[in-house]
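Geometric and topological summary
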Amino acid sequence: GQQVMQIPQYQHVQEGEDFTTYCNSSTTLSNIQWYKQRPGGHPVFLIQLVKSGEVKKQKRLTFQFGEAKKNSSLHITATQTTDVGTYFCAGGGIQGAQKLVFGQGTRLTINP
Amino acid sequence: NAGVMQNPRHLVRRRGQEARLRCSPMKGHSHVYWYRQLPEEGLKFMVYLQKENIIDESGMPKERFSAEFPKEGPSILRIQQVVRGDSAAYFCASSPAGAGNTIYFGEGSWLTVV
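Okay, so let's go over this structure. (Residues numbered from 1 in each chain as written. Chains lettered and ligands numbered in written order. Predicted model: local features only at pLDDT ≥ 70, side-chain atom pairs only at ≥ 80, totals over all residues. Heavy atoms only, no water.)

**Brief notes about the overall build of chain B**
Each helix and strand counted, chain B has zero helices and 11 strands in total. When the helices and strands of chain B are placed in sequence order, the string is β-β-β-β-β-β-β-β-β-β-β. Against the compact-globule benchmark of 13 Å for 114 residues, chain B has a radius of gyration of 13 Å, which places it among compact chains. In terms of its C-alpha atoms, chain B occupies a principal-axis envelope of roughly 35 × 25 × 25 Å. Residues counted as buried form 45% of the 114 residues belonging to chain B. By sequence separation, contacts in chain B at least 24 residues apart represent 52% of the contacts at least 6 residues apart. Accessible area for chain B stands at about 5800 Å²; split by element, carbon and sulfur atoms hold 46% of it. Across chain B, the mean location of the 15 positive side-chain charges is 6 Å away from that of the 11 negative side-chain charges. (Helix = DSSP H or I, 4+ residues; strand = E, 2+ residues; numbered from the N terminus. Rg over C-alpha atoms; globule rule 2.2 N^0.38 Å. Buried < 20%, exposed > 50% of the residue type's maximum accessible area, 1.4 Å probe, protein only. Contact = heavy atoms within 4.5 Å. Areas by Shrake-Rupley, 256 points an atom, 1.4 Å probe, with all protein chains shown as cover. Lys, Arg positive; Asp, Glu negative; His and termini not counted. Charge placed at Lys NZ, Arg CZ, Asp CG, Glu CD.)

**Focus on the state of the cysteines**
Considering all chains together, one arrives at two disulfides over all chains under this definition. Across the disulfide from Cys23 of chain A sits Cys89 of chain A; the S-S distance is 2.0 Å. Its S-S torsion of approximately 75° makes the covalent link between Cys23 of chain A and Cys89 of chain A right-handed. Note that Cys23 of chain A is positioned in strand β3 (residues 19–25) and Cys89 of chain A in strand β9 (residues 85–92), a separation of 66 residues in sequence. Of the two residues, Cys23 of chain A and Cys89 of chain A, both sit in the buried class. Each disulfide pairs two cysteine sulfurs, and for Cys23 of chain B the partner residue is Cys92 of chain B, the sulfurs being separated by 1.8 Å. Across the S-S bond of Cys23 of chain B and Cys92 of chain B the torsion is about -60°, and the bridge reads as left-handed. A residue pair is termed long-range when its members are at least 10 positions apart, and Cys23 of chain B in strand β3 (residues 19–24) and Cys92 of chain B in strand β9 (residues 88–95) qualify at 69 residues. Residue Cys23 of chain B is classed as buried on the basis of its relative accessible area, which comes to 0%. (Disulfide = S-S within 2.5 Å.)

**Some details on the nonpolar core**
Within the largest apolar cluster, 23 residues are counted, with the highest numbers of intra-cluster contacts made by Trp34, Met46, Leu77 and Tyr90 of chain B. Looking at this core, the elements that each hand over two or more residues are β3, β4 (31–37), β5 (43–50), β7 (65–68), β8 (75–79), β9 and β11 (109–113) of chain B. Core analysis: the second largest hydrophobic core is formed by 21 residues, Phe19, Leu49, Leu61 and Leu74 of chain A among them. (Core = buried A, V, L, I, M, F, W, Y, C linked by side-chain atoms within 4.5 Å.)

**Here's the deal with the side chain of Thr62 of chain A**
Along the chain, the position of Thr62 of chain A falls in strand β7 (residues 61–65). Those residues in contact with Thr62 of chain A that sit more than four places away from it in its chain are Val55, Lys56, Lys57, Ser73, Leu74 and His75 of chain A.

**Quick word on the interface of chain A and chain B**
On the chain B side, the residues contacting the 17 residues of chain A number 24 residues. Roughly 1600 Å² of surface becomes buried between chain A and chain B when both sides are summed, with 54% attributable to carbon and sulfur atoms. Counting the contacts that link chain A with chain B gives zero salt bridges. The tally of links between chain A and chain B comes to three residue pairs in polar contact (both at pLDDT 80 or more). Contributions of two or more residues to the side of chain A that touches chain B are made by β4 (31–37), β5 (44–49) and β10 (100–102) of chain A. (Buried area = accessible area lost by both parts, 1.4 Å probe. Salt bridge = Lys/Arg side-chain N within 4 Å of Asp/Glu carboxyl O. Polar contact = N/O pair within 3.5 Å; in protein donor to acceptor, adjacent residues only side chain to side chain.)

**Comments concerning the environment of Arg107 of chain A**
Looking at the secondary structure, you find Arg107 of chain A in strand β11 (residues 106–111). The class for Arg107 of chain A is partly exposed, based on a relative accessible area of 35%. Among residues more than four places away in sequence, those in contact with Arg107 of chain A are Gln9, Tyr10, Gln11, Gly85 and Thr86 of chain A together with Glu40 of chain B.

**Quick word on the side chain of Thr86 of chain A**
All names here are of chain A. In this structure, Thr86 sits in strand β9. Since its relative accessible area comes to 16%, Thr86 is described here as buried. Beyond its immediate stretch of four places on either side in the chain, Thr86 contacts Tyr35, Lys36, Gln37, Gly105, Thr106 and Arg107.

The structure is reproduced here in structure tokens:
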């Protein structure tokens, strides 16, 4: 069954509002990665988090990895229309496996 | 440095035909992953391969689907006797090594079964 849960499934915001998506794993992760997929496009790597409690920023995007390495979040400040797309988290090292297990994704739409 | 190359980008097959999807990993990458994405859904892991070896095929359907990554040439995902439910985007990704490494996706192959 699904081992990486991501919420919400959909989020619609007004341009300029903030946005957050949350990712939870049933087991401890060795790392977590975030990807963005534009409509009709392919997943593009954004960032990888490895350390417990790690926080990384990319301009308006802030990524966090929980202390227990079971959850993560992506926060976008002051959304812009270019942020539209689906954001996926992907957990690595679940039960020792080498593959990445993806969450269901959060689809972000923005009202300009 | 060329990215992950997939072809064909779009493929139309009639029910019962075979579909072959190819993936050339990024230069220097020896690990290949295949994911399937149904419309409006997430990425579902299918198979993970290294050169000449299948490492994890836990996401592959038991029948009609097979994958290989030969010593020379691209990785191939083969779907025999396609059915309408096989219509999806198939993404290949590669990494320089396995666990803990970032994977980079190709632009995908969109399979439509009519």
